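So you can see what is in the structure, the chains are spelled out below.
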Amino acid sequence: MGWTTRRALRLPLLACAAGLAAGAALAQAPAAPAKVDLKLFDRAEIDRSKGCTFVLWQDDRDPDKDRYAHLFIETLGRNHVRENARIKIGDTVLSFRRIAVGGAKEFGYKTFPSALYKMDKEESFLIMDLKLEDSPGEVVDVIGGTMTVIRPKLPPFIAEVKGNAGCNTPAAPASSGSSAPAPKAQATAPAPAPATAAVAPAPANRAPPVTPPAMFEKYTVRQGGVPARLRNEAIKSIGCHQGLTRLPIIGYSLSEESAIWEITCNEYAGDIPSKIFVLVYTPDPGKQYTILKPPIPNGKQRQGNLAELLDVKWDMRARIVTATYVEGNSACGMYERHQLAEDGTFVLLEYREKTQCGGQPMKPSDFPLVYRR
């Protein structure tokens, strides 16, 4: 299998890792070896109603009808940056990170016929050998293939799978039957892959809930960490200058491979800094990044560029960022609150504005309300 990876120096090692792990597992297996206790997820554990996902199910199961069908799920964030994938061994959900890919071509959602996944804390691996097919509606179907689970001191377990990669595919409602234990995966005869259902838009008078990211850790990006391509785009398209090189960058982890970077763009009168937020693929931020533009009500305009937020403050627990712009001793200005969603985008929660600067000073949070989610 010809593995490829973004870290070219690791190519030979990645190609050998799965083989060495499999060989070691077989060599160290006891006379009466224990088996990999691979389980299927309960349908209630698989939520595909938000964002994009890549899932595999046991090939003789129907994920739309069977309560237990799925073996593997991987969430695809903005620009299809992958979060750690999940499988279930016994009663434990294990997390795997994709480290190498291979195959004749790349399919949608950065999906490949061959892929290697590894656990961060132990020498356990997943090997994907899949037959992929592009389908209508921007879905990539897995029409057959295998997922091999390799764990230390255990023989490899091979599961026959089907699946797909797509966006906004709702899970079927959970059944009200008894809470029976999850069945083990079995190699059985294949069944037709189910069709992918479309999601109806939420009613205009009821906004869907915001799901904050589960992983959200603050850290400092090293000095000089802004790639030249990103710096040049921020200067040319947004007008950032003062803060890009001399002030520290704060990162907020969203997954093992994605983060939000908070970068100081400029400093305005009274030393009020403006910030821009960039969704980055952390292994190679210079090639994969998106400068975010926090939403604003129609007809309104920020001080500065649409991507800039002024005087930013975070509520880390709620994943909410507040931005404030005031003039004349808080006699007028703007106040806005955004929540960071699971896919790395901002959702506008509240926007207030006082356009007339006369009268008594007031707190920005008391400015006239323009929009509230």
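One pass over the structure, following the stated rule, counts eight aromatic pairs. Their ring planes at 10 degrees and their centres at 5.2 Å tell us that Phe-216 and Tyr-252 sit as a pair that is stacked. Here the residue Phe-216 occupies a position in the loop between β11 (157–167) and β12 (218–221), and Tyr-252 occupies one in strand β13 (residues 249–253), the gap between them amounting to 36 residues. Note on accessibility: Phe-216 and Tyr-252 belong to one class, buried. With 6.4 Å between their ring centres and 40 degrees between their planes, Trp-314 and Phe-346 make a pair best called tilted. In this pair, Trp-314 is assigned in strand β18 (residues 313–315) and Phe-346 in strand β21 (residues 346–354), connecting sequence segments 32 residues apart. Taken as a pair, Trp-314 and Phe-346 share a single burial class, namely buried. Within the aromatic cluster, the residues linked to one another by ring pairs are Phe-216, Tyr-252, Phe-277, Trp-314 and Phe-346.

Within β11, eight of the eleven residues are buried, which leaves it mostly tucked inside the rest of the structure. Direction of pairing for strand β4 (residues 52–58) relative to β11: antiparallel, over a ladder of seven bridges. Bridge pairing links Phe-54 to Ala-165 in β11. With seven bridges connecting them, strand β10 (residues 139–150) and β11 associate as antiparallel partners. Looking at β11, one finds that Val-149 is bridged to Phe-157. What sits between the antiparallel neighbours β10 and β11 is a turn of six residues, in which Lys-153 has the positive phi angle 65 degrees.

Mean pLDDT for the chain: 77, with 74% of residues reaching 70 or above. Summarising per-element confidence for the chain, the mean pLDDT is lowest in strand β1 (residues 3–4) (38) and highest in strand β8 (residues 114–118) (95). For residues 1–18, every residue scores under 50 in pLDDT, and the model assigns this stretch 35 contacts once sequence neighbours within four places are set aside. Confidence over residues 187–206 falls short of pLDDT 50; this stretch has 31 contacts with residues more than four positions distant or in other chains.

What counts and how
- Residues numbered from 1 in each chain as written.
- Predicted model: local features only at pLDDT ≥ 70, side-chain atom pairs only at ≥ 80, totals over all residues.
- Heavy atoms only, no water.
- Phe/Tyr/Trp six-rings, centres within 6.5 Å; stacked < 30°, edge-to-face > 60°.
- Helix = DSSP H or I, 4+ residues; strand = E, 2+ residues; numbered from the N terminus.
- Buried < 20%, exposed > 50% of the residue type's maximum accessible area, 1.4 Å probe, protein only.
- Pairing = 2+ DSSP bridges.
- pLDDT = per-residue confidence, 0-100.
- Contact = heavy atoms within 4.5 Å.

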